[in-house]
Every structure is written in C-alpha cells, then in structure tokens.
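What follows is the residue order along each chain.
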Amino acid sequence: MRSFRIVPHRLLGLLIALALSCTFPKGNQTYLSTMVTVYPAYPLEAGSKTIVLANAFDVQAMKYRDNKEKQFQQLIEHTLRHMNGEIKKRSDAEVLIEDRKPTIKIQSDSLKQYMSQLNATHAILITAFNAYFDQTEVVVTETESGKNREAFYDLVVEIGYDLRYSNQPGFDTLISLRKFHSSRSVLSGLLAAGPNIVSNTEDVVDGIHANVNAFLKNFFVQSESRTRYLFTSGTLNPVAEAIVLHDYETALNVSKEVSSTPDLLLAAQAFYNCAALSEYKRDYGYARHYLQEALKLYPLQEARAMWIDYEHQ
C-alpha cells in the first residue's frame with residue numbers, strides 16, 4: 001500500500017506496546033526497528049459485539065457523470081468490504097454489511113430500530129465519500145523556446161464515518177488523506193486539467209485502505225512499525241559497538257552507566273537509549289520509566305516523539 005498522510009483532521013492519541021524486530025546502521029548512526037502494537041484511543045467496550053456496516057451517503061444526489069457515479073458506488077462498496085475484513089482481523093466481533101439500496105437512513109430512531117432488529121451493539125456508517133486530484137503547485141522554468149509549466153497533483157481521498165453505539169453517544173469524523181500522485185506539462189496552471197479520477201481507481205483504492213486504517217485504529221488494536229535512533233557518539237560509542245554484535249544487554253548497561261553523568265544532555269541521551277533498548281527487549285515498563293527520566297533532564301526530540309507512544313499508559 002502506498003503511504004498516505006492525514007490532512008487536516010487528527011484523530012486522537014495512541015498507546016503502544018512493542019514487539020522485537022531488527023537493528024540496522026545508517027552511516028554513523030544506529031537504529032532499532034520494531035513492530036508496535038497500537039492501542040486505540042477509544043477502545044470498544046469489552047464483551048461480544050455485533051457491528052453493522054452501512055452506507056449512508058447518497059452518491060446519486062451528487063449528480064456526478066454516469067461513469068464517476070458508478071465508480072464511487074463501487075468504491076463505497078469496496079470500503080465496506082475492506083472495513084469488514086479489517087475489523088475481523090483486529091477483533092472477534094461479528095460484522096454485518098448492509099447492502100440494501102437506496103442507502104440506509106441515519107435518523108436516530110430508524111437506525112436504533114434497525115440495530116435492535118439485528119441485536120447490533122454498534123453501527124458504522126459511511127456519511128461522506130470523495131476522491132479527487134488537487135493541484136498543489138505549478139513550477140515555471142525558462143527554456144530556450146520560452147517557458148515550461150509543470151503542474152503537480154495530489155490524490156485526495158475523503159471518507160466520513162459515523163460510529164453509533166446502542167447505549168451511548170456516537171462518534172463521527174471526516175478523514176481526509178492526500179498523497180502526491182503525478183505531474184504534467186500544462187499551458188496554463190489556472191486552466192490545467194488534472195488526472196482523471198475514473199482512470200485511477202487502483203490508486204484511489206490504496207487511499208481507501210489507508211483511510212479505513214486511520215479510522216479503525218481509534219477503536220481496535222493494530223500493529224505499526226517504529227524506528228528508534230540510538231545516541232552512539234563520544235562516550236556512548238560502545239553502544240554502537242555492542243549493537244553491531246547484537247549484544248543489547250551490554251548496550252543497555254553502557255547507557256545506564258553514562259546516565260549518571262552530570263552532563264544533562266548526555267545523561268538524557270543515555271536514558272533515552274535505555275528506553276529504546278528496553279522497548280526492543282519488550283520491557284515496556286522500564287522503557288516508560290527511562291523515557292520519563294530522559295525528559296526530566298532535557299527535551300530531546302527523539303524522547304518526546306517516543307513518549308507519544310507511552311503517555312497514555
């Protein structure tokens with residue numbers, strides 16, 4: 001899957017526990033690479049769950065041309081199927097897809113009645129859907145024959161979600177993700193036509209998968225990759241030597257010894273190393289403790305970034 005980024009809606013924080021992976025050098029720098037278990041900001045309550053997935057967005061009402069309307073209808077159906085598969089991967093919930101036409105209505109009373117008929121504990125509705133190309137800039141360069149104008153385009157995929165509970169208020173959001181797609185020579189940036197969305201269904205599907213993942217990780221546990229930089233210069237150089245030999249215990253002990261130095265920056269770097277190495281060894285409690293010690297001494301960028309994964313523990 002291609003990498004998409006979320007813009008501008010940010011769903012809230014993550015809590016992470018980590019699994020062992022690998023180490024690798026990059027130039028004179030050393031990194032630890034791990035797969036992480038991401039815990040959701042809004043976990044669904046414990047117990048058996050039945051989740052209904054349905055489309056509540058009326059594509060026909062948008063008055064698109066026929067081929068785009070058909071494409072969007074198929075893409076929404078794909079979104080529901082993909083969400084179904086992802087939820088089943090991440091939980092033991094029973095998932096039902098509502099595929100009636102026209103789309104399900106989202107008025108509270110009718111939806112509650114529908115959920116009650118199915119004994120559903122939750123419903124996830126698609127409330128908005130759009131995919132389009134956004135021209136981000138036009139670069140003009142001088143040539144022997146005049147000027148060359150090159151327009152650059154991002155692919156944007158927007159999906160609105162409404163998570164309904166049978167016994168508490170719902171959760172709705174719009175997630176907009178974009179990724180650079182392509183560029184083309186144009187006569188005029190203002191009049192330039194971007195790529196055809198109907199001809200780029202495969203790329204849109206990639207965006208849908210990233211979008212669904214961005215939504216579901218707020219409610220379900222999932223795995224993600226993390227790369228932690230290690231400080232290995234000067235006094236901490238033995239850490240790099242130990243890592244080359246895959247001797248993580250020695251690397252940790254060296255970092256512990258250096259953490260007692262009166263040099264606050266160096267001590268913070270050593271504590272951060274202890275946190276990254278403890279995380280690599282799956283000693284998450286120690287990792288959190290060492291991170292706290294590092295941040296007490298100095299606001300290291302690396303420690304602050306890593307703390308995002310631990311602050312809600």
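Residues numbered from 1 in each chain as written. Predicted model: local features only at pLDDT ≥ 70, side-chain atom pairs only at ≥ 80, totals over all residues. Heavy atoms only, no water.

**Q** Would you mind going over the packing of helix 6 (residues 264–280) against helix 7 (residues 284–297) in detail, with residue names and values included?
**A** Packing of helix 6 against helix 7 brings their axes to within 8 Å, and their N-to-C directions diverge by 165 degrees. In terms of orientation, helix 6 lies roughly antiparallel with respect to helix 7. Taken as a pair, helix 6 and helix 7 cross one another with a handedness that is left-handed. Listed contacts from helix 7 to L264, A267, A268, F271, Y272, C274, A275, S278 and E279 of helix 6 are Y284, Y286, A287, Y290, L291, E293, A294 and L297. Here the residues of the contact of helix 6 with helix 7 sort into 14 nonpolar, 1 polar and 2 charged. (Axes fitted to C-alpha atoms, helices over the stretch in contact; angles between N-to-C directions. Helix = DSSP H or I, 4+ residues; strand = E, 2+ residues; numbered from the N terminus. Parallel < 35°, antiparallel > 145°, perpendicular 65-115°, else oblique. Left-handed = near helix turned anticlockwise from the far one by under 90°. Contact = heavy atoms within 4.5 Å. Nonpolar A, V, L, I, M, F, W, Y, C, P; charged D, E, K, R; others polar.)

**Q** How would you summarise the confidence of the model for the protein chain if you had to cite specific residues and measurements?
**A** Summing up the model confidence of the protein chain, the mean pLDDT is 85 and the portion of residues at 70 or higher is 86%. Per-element mean pLDDT across the protein chain ranges from 40 in strand 2 (residues 15–26) up to 97 in helix 5 (residues 248–258). Under a pLDDT of 50 for its full length, residues 5–21 has, in the predicted model, 71 contacts with residues more than four places off or in other chains. (pLDDT = per-residue confidence, 0-100.)

**Q** Before we move on, could you go through the pairing of strand 4 (residues 50–55) and cite the residues and values that matter?
**A** Regular strands place side chains that alternate from one sheet face to the opposite one. Within strand 4, 6 of the 6 residues are buried, leaving the element largely enclosed by the surrounding structure. Pairing analysis gives 5 bridges linking strand 4 to strand 5 (residues 94–98), with the strands arranged parallel. Note on strand 5: the bridge partner recorded for A54 is E98. Here 5 bridges tie strand 4 to strand 6 (residues 122–143), and the two strands are oriented parallel to one another. Note on strand 6: the bridge partner recorded for I51 is H122. (Buried < 20%, exposed > 50% of the residue type's maximum accessible area, 1.4 Å probe, protein only. Pairing = 2+ DSSP bridges.)

**Q** So what's going on with unusual backbone geometry? Which residues, and what values?
**A** The phi dihedral of K63 falls on the positive side, at around 60 degrees, and the residue is not glycine. In this fold, K63 is placed in the loop between strand 4 and helix 1 (66–90). Accessibility expressed as a relative area gives 72% for K63, which makes it exposed. Non-glycine residue R282 carries a positive phi angle of around 70 degrees. With respect to the helices, strands and loops of the structure, R282 is situated in the loop between helix 6 and helix 7.

**Q** Quick one: what's the story with the packing of helix 1 against helix 3 (residues 201–216), residue by residue and with numbers?
**A** Orientation of helix 1 relative to helix 3, taken along the N-to-C sense of each, is 40 degrees, at an axis distance of 10 Å. Taken together, the axes of helix 1 and helix 3 lie oblique to each other. Our pair here, helix 1 against helix 3, has a crossing hand that is right-handed. Facing helix 1, whose interface residues are Q71, L75, H78, T79, H82, M83, E86, I87 and R90, helix 3 presents T201, V204, V205, I208, H209, V212, N213 and L216. When its residues are assigned to classes, the contact of helix 1 with helix 3 shows 8 nonpolar, 7 polar and 2 charged.

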